[in-house]
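Single-letter residue listing:
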Amino acid sequence: MDNNAVLNDISTLLERFSKLIGAFCPGDTPDLGSMIMLLEELSVAAKQCRSETFPKVAASCLKYAENMSLETMSDTKPLEDALLLLEAIFRHMKKGIEFTFETRDVMDILDSAILTRRPEAEPPAKVVPPSGGDDAPGRPEPPAVTDTSQGAPTPISEDDLEILVDFVSEAEDNLDAIEVHLIELEQDPTDTEIINNIFRPVHTIKGVAGFLSLEKINKLAHTTENLLDSARSGEFIIDDVVTDAILESVDMLKKLVARVKEGISQGLKLPDNDLNVENLRDKLAALHLRLTKGTKAPIGEILVEKGVINRESLEETLEIQKEDQPDKKIGELLVERKKAEPAQVAQALMDQKTEKKRVAAQVKVNTEKLDDLVDYAGELVIAQSMLRQKVAGDPSLIQSVTHLGQIVSNMQHIAMSMRMISIKATFMKMIRLVRDLSRKSGKPVNLTMAGEETEIDRNVVDALYEPMVHMIRNSVDHGIEPLADRRETGKPDQGTVHLSAYHKGGNIIIEIQDDGKGLDRDRILEKGIQSGLVNEGDQLTDGQIYDLILQPGFSTARKITDVSGRGVGMDVVKSGIERFRGHLKIESQKGEGTKFTISLPLTLAIIDGMLVRVGNEKYVIPTTAIQRAFKPEKDNCFTVEGKGEMIKERNRLIPIVRLKRLYSDEPDGTPIWECLAVVVESKDEQKALLIDELLGKDEYVIKSLGGNLEGIPGFSGGAILADGRVGLILDIHGIFQLAETD
């Protein structure tokens with residue numbers, strides 16, 4: 001930018017600064033906020049001017065105004081003196097003459113006023129010589145305050161520790177929310193409510209950090225807040241450049257908060273001098289200045305767009321305002337001159353504002369307390385079920401117990417719903433992941449979503465994040481083809497990854513589907529044979545072949561990238577999902593894409609199950625896995641060589657699994673037709689479990705089997721039954737695997 005343009009910008013900013021100073025009233029936060037924003041713009045512009053003095057004075061003004069925003073002072077006199085000084089320097093700059101008069105007094109007043117308002121400033125200030133020479137009058141050196149940006153760690157008092165713990169917890173939540181909403185804003189940059197949802201947590205972080213003297217967090221959040229405030233005022237639309245800058249700010253704030261958190265664990269305030277925020281603040285401020293210069297739509301322009309007044313009337317009124325009535329607003333003049341009605345001007349003003357939705361009040365609850373509540377609700381269900389068994393002969397007691405059961409059931413569902421949260425936040429994080437991966441790989445990729453409002457148990461959401469990251473990484477790196485390859489096959493330049501969530505039965509289903517090249521079935525099979533995972537000649541379905549990529553260390557990638565290709569990832573996906581009683585299904589079509597389907601229980605605490613008896617033991621079969629139950633006919637029972645016992649049902653042969661044979665040493669020679677068959681399904685595979693009796697359907701509170709019994713194949717947990725005994729909950733996928741190796 002040439003010198004004349006810089007001088008013009010500074011002239012405009014000084015004029016605005018003068019008006020703000022004149023109109024400022026102590027305690028008027030909106031005016032103070034405008035002043036800080038203006039001074040930040042002035043500081044950025046000052047760095048481009050040909051003066052050494054002007055930027056220093058402007059920086060001192062900004063520092064003073066920022067401290068005013070923290071309510072440590074309210075005297076504007078130092079700023080008024082500084083304004084006179086800035087105007088004097090500016091007059092010299094216009095003439096090309098360096099300002100050589102004494103400026104130290106004004107800067108001392110600004111800096112000293114800040115220091116004397118701090119409790120730490122009580123000790124006498126040391127005097128140090130300025131750069132002008134050893135004999136020149138000294139400026140006060142800031143006293144030794146507790147500054148975490150330099151020096152050694154300092155202890156945190158118990159009172160401060162508690163406040164900092166709360167701040168870190170809230171800041172982490174707020175930063176996650178900012179990131180989610182910011183990525184969401186990319187889908188609709190004009191949504192003012194989303195911008196407000198970003199602005200509010202930034203504002204909160206800034207304010208609390210200022211109160212806690214976390215200077216770097218406060219300053220960076222404040223600069224970010226200014227940029228967002230102009231965006232929500234309609235001065236510019238947030239685009240990719242702004243999004244990148246704010247995301248960079250969020251990442252830095254996360255690092256600063258993490259440093260505070262690390263210090264809390266040690267009971268110390270740790271130095272953060274390795275985390276430089278000034279360059280980032282300058283970048284944000286410069287971006288803000290560029291975007292806001294001359295882009296705000298005045299009320300007059302809005303009225304012209306609405307057809308309330310014509311262009312000639314507006315220009316005529318502006319001329320009158322400029323020459324005769326500069327103190328009056330354009331809206332007032334238009335009303336006085338009968339060019340517009342008061343209601344029309346009021347509506348134009350409202351169009352500049354954002355609507356606020358009413359949000360239900362919320363409270364934060366310790367997750368351990370919430371889990372305890374769910375556990376006790378479960379215990380209440382068990383106790384109520386046991387009580388119901390003991391009052392079978394008394395009608396009045398049965399009625400009371402039934403009423404109690406309704407209350408307990410409602411209470412249980414409320415307790416469970418408190419643990420349910422939307423999966424939207426997790427989905428939104430994937431947008432940024434795809435965005436970053438797309439840039440890194442050089443492939444244009446778009447992420448589409450459906451069902452992001454689907455609710456799921458909080459613990460299940462945590463379990464989903466890592467598997468989703470791995471699968472989306474693979475979709476972008478391995479699935480989506482390079483641009484040239486997509487054009488050769490007639491596909492759109494931009495690849496698509498589709499993420500969806502929905503409820504099915506008692507499960508939540510997450511689907512990740514891409515329109516890439518699909519899995520190479522033959523290459524996977526070849527690699528599986530080379531690795532000894534399968535034998536040559538084995539008859540495998542497509543699903544069984546695709547499941548080979550879930551084995552540890554399995555990779556068909558010919559090229560290792562920093563995204564994927566080392567054979568690490570899909571086995572993590574599998575173990576992560578199965579740890580929460582979930583399953584992963586893979587479907588693919590060469591040249592058209594791949595779909596990963598994750599099936600997880602809606603909640604980890606309760607299961608809908610069918611209680612069955614096998615010999616003297618009782619088991620719970622998840623109802624979501626049950627297809628049908630029937631008593632087989634003798635003519636439909638067969639033994640197939642090499643495949644074991646089968647039942648013919650609906651013209652299909654279904655393999656039989658004898659639970660008694662799987663879990664006990666005693667022989668099970670009971671004829672099939674004397675048992676009941678329960679057909680269950682897992683990963684599109686069906687088998688029939690032979691049982692002796694169906695005892696009924698109910699909700700069961702899942703209990704851990706404990707460390708010694710954890711991980712036994714075929715069991716996902718235990719449940720306390722109505723008679724007080726323990727029934728084992730069957731894991732159908734594990735049962736199928738056991739049956740194949742039996």
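Conventions we followed
- Within every chain, residues take consecutive numbers counted from 1 along the sequence as written.
- Local features in this predicted model are restricted to residues of pLDDT 70 or higher, and side-chain atom pairs are both shown and tallied only at a pLDDT of 80 or more, whereas totals for entire chains, interfaces and linings draw on every residue.
- Computation of side-chain values: all heavy atoms of the structure, hydrogens and water removed.
- Strands here are runs of E lasting at least two residues and helices are runs of H or I lasting at least four, both read from the DSSP assignment and numbered beginning at the N terminus.
- Under the scheme applied here, a residue whose accessible area is under 20% of the maximum for its type counts as buried, over 50% as exposed, and between as partly exposed, the area being computed with a 1.4 Å probe on protein chains only.
- Two residues form a contact once any of their heavy atoms are found within 4.5 Å.
- To be clear on the numbers: accessible area is Shrake-Rupley with a 1.4 Å probe, and residue cover counts the displayed protein chains and nothing else.
- We call two strands paired when DSSP finds no fewer than two bridges between them.
- Interaxial angle, 0 to 180 degrees, is taken between N-to-C directions of lines fitted to C-alpha atoms, where a helix line uses only the stretch in contact.
- A pair is scored as a salt bridge if a Lys or Arg side-chain nitrogen falls within 4 Å of a carboxyl oxygen belonging to Asp or Glu.
- Any N or O atom pair separated by 3.5 Å or less is treated as a polar contact, with the protein-specific requirement of one donor-capable and one acceptor-capable atom, and with residues adjacent in sequence counted only for side-chain atom pairs.
- A helix is expected to reach a length of 1.5 Å times the quantity of its residues less one.
- Each direction from the helix axis to a C-beta atom contributes to the arc, which is the arc of those directions.
- Definition used in this section: a nonpolar core is a set of buried Ala, Val, Leu, Ile, Met, Phe, Trp, Tyr and Cys residues joined via side-chain atoms within 4.5 Å.
- Two aromatic rings from Phe, Tyr or Trp, using only the six-membered ring of Trp, form a pair when their centres are within 6.5 Å; if the ring planes differ by under 30 degrees the pair is stacked, by over 60 it is edge-to-face, and anything between is tilted.
- Whether a charge lies above a ring is judged from NZ of Lys or CZ of Arg, which has to be within 6 Å of the ring centre and within 35 degrees of the ring normal.
- Confidence scores here are pLDDT values: one per residue, from the predictor, ranging 0 to 100.

Asker: Mind laying out the overall build of the protein chain, listing which residues take part and the relevant values?
Answerer: Tallying secondary structure elements over the protein chain gives 24 helices and 22 strands in all. Out of the 742 residues belonging to the protein chain, those deemed buried represent 43%. Within the protein chain, counting contacts between residues at least 6 apart in sequence, those at least 24 apart form 67% of the total. Per element, the accessible surface of the protein chain, about 39,600 Å² overall, is 50% carbon and sulfur.

Asker: Residues and numbers for the sheet that holds strand β21 (residues 715-720), please.
Answerer: Spatial ordering of the open sheet is given by β20-β12-β13-β22-β21, a layout of five strands whose pairing is mixed. Where the open sheet ends on each side, the last strands, each with one partner, are β20 (693-701) and β21. Adjacent strand axes in the sheet meet at a mean angle of 35° when their direction is disregarded. Where strand β12 (residues 606-614) meets β20, eight bridges bridge the pair, whose relative direction is antiparallel. Looking across to β20, one finds that L611 is bridged to G696.

Asker: Please set out the pattern of salt bridges residue by residue, giving values where relevant.
Answerer: In total, this model carries 31 salt bridges according to the counting rule given. Here E248 ties to K283 by a salt bridge, and the two come within 2.6 Å at their closest N and O atoms. With E248 in helix α9 (residues 240-266) and K283 in helix α10 (residues 278-292), this residue pair connects regions lying 35 residues apart in the sequence. The partly exposed category is assigned to E248, whose relative accessible area is 35%. Judged by its relative accessible area of 43%, K283 falls in the partly exposed class. Across the pair R650 and E649 runs a salt bridge whose closest N-O atoms are separated by 3.2 Å. Overall, the relative accessible area of 12% leaves E649 in the buried class.

Asker: Describe the side chain of T223, listing the residues and the values that go with them.
Answerer: Relative to the assigned elements, T223 resides in helix α8 (residues 215-232). For T223, a relative accessible area of 3% gives the class buried. Among the polar contacts made by the side chain of T223, one reaches the main-chain carbonyl oxygen of K219 at a distance of 3.0 Å. The contacts of T223, once residues within four sequence positions are left out, are E40, R281, L284 and A285.

Asker: Mind laying out α10, listing which residues take part and the relevant values?
Answerer: With 15 residues, α10 extends 21 Å from end C-alpha to end C-alpha; this agrees with the ideal 21 Å at 1.5 Å per step. Here α10 has its buried residues at L280, R281, L284, A285, L287, H288, L289, L291 and T292.

Asker: Go over the sheet that holds strand β14 (residues 626-630) with me, naming the residues and quoting the values.
Answerer: In any sheet, the strands associate via hydrogen bonds between backbone groups, in a parallel or an antiparallel arrangement. Taken in spatial order, the six strands make up an open sheet running β14-β18-β19-β17-β16-β15, and their pairing is mixed. One side of each edge strand has no neighbouring strand; the edge strands of this open sheet are β14 and β15 (637-640). The average angle at which neighbouring strand axes cross in this sheet is 35°, direction not considered. Pairing of strand β17 (residues 652-658) with strand β19 (residues 685-691), which is carried by three bridges, proceeds in the parallel orientation.

Asker: Describe helix α12 (residues 311-323), and please don't skip the residues or the numbers.
Answerer: Relative to the 18 Å expected for 13 residues at 1.5 Å per residue, α12 spans 19 Å between its end C-alpha atoms, a close match to the ideal helical length. Along α12, the residues that are buried comprise S313, L314, T317 and Q321. With its buried residues spanning 100° around the axis, α12 presents them on a single face. Facing away from the buried side of α12, by more than 90 degrees, are the exposed residues E312, K322 and E323. Among the residues of α12, the N-terminal cap falls to N310, whose side-chain oxygen and the backbone nitrogen of S313 are separated by 2.7 Å.

Asker: Before we move on, can you summarise the side chain of E481 with the specific residues and values?
Answerer: Mapped onto the secondary structure, E481 falls in the loop between α18 (458-479) and α19 (483-488). Of the polar contacts made by the side chain of E481, one reaches the side chain of K491; its length is 2.8 Å. A polar atom in the side chain of E481 sits 3.3 Å from the backbone nitrogen of K517. Setting aside chain neighbours within four positions, we find E481 in contact with K443, R486, K491, D515, G516 and K517.

Asker: An account of the nonpolar core is requested, with residue identities and associated values reported.
Answerer: Residues I217, I472, L499, I510, I549 and L584 are the most contacted members of the largest nonpolar core, which totals 90 residues. For this core, the leading source of residues is α9, giving eleven residues. Once residues within four sequence positions are removed from consideration, I549 is found in contact with L519, I524, F554, M570, I586 and F596. In this structure, L7, L32, C49 and A65 belong to the second largest nonpolar core, which totals 36 residues.

Asker: So what's going on with the packing of aromatic side chains? Which residues, and what values?
Answerer: The tally for this structure, following the rule as stated, stands at one aromatic pair. The ring of Y465 carries K429 above its face, with NZ or CZ at 5.5 Å from the centroid. A cation sits over an aromatic face here: K687 above F736, 5.5 Å from the ring centre.

Asker: Would you mind going over unusual backbone geometry in detail, with residue names and values included?
Answerer: Outside of glycine, negative phi angles account for most residues, and trans bonds account for most peptide bonds. Even without being glycine, K338 reaches a positive phi, approximately 60°. Mapped onto the secondary structure, K338 falls in the loop between α13 (330-336) and α14 (342-351). By relative accessible area, K338 is classed as exposed at 73%. Positioned with a positive phi, N651 is a non-glycine residue whose angle comes to about 65°. For N651, a relative accessible area of 71% puts it in the exposed group.

Asker: Can you explain the confidence of the model for the protein chain? Please cite residues and give values.
Answerer: Taken residue by residue, the protein chain gives an average pLDDT of 76. The fraction at 70 or more is 82%. Low pLDDT, under 50, characterises residues 101-105; the stretch is placed with six contacts to residues that sit more than four places away or in other chains. Within the model, the stretch residues 562-568 combines pLDDT values under 50 with 21 contacts to residues more than four positions away or in other chains.

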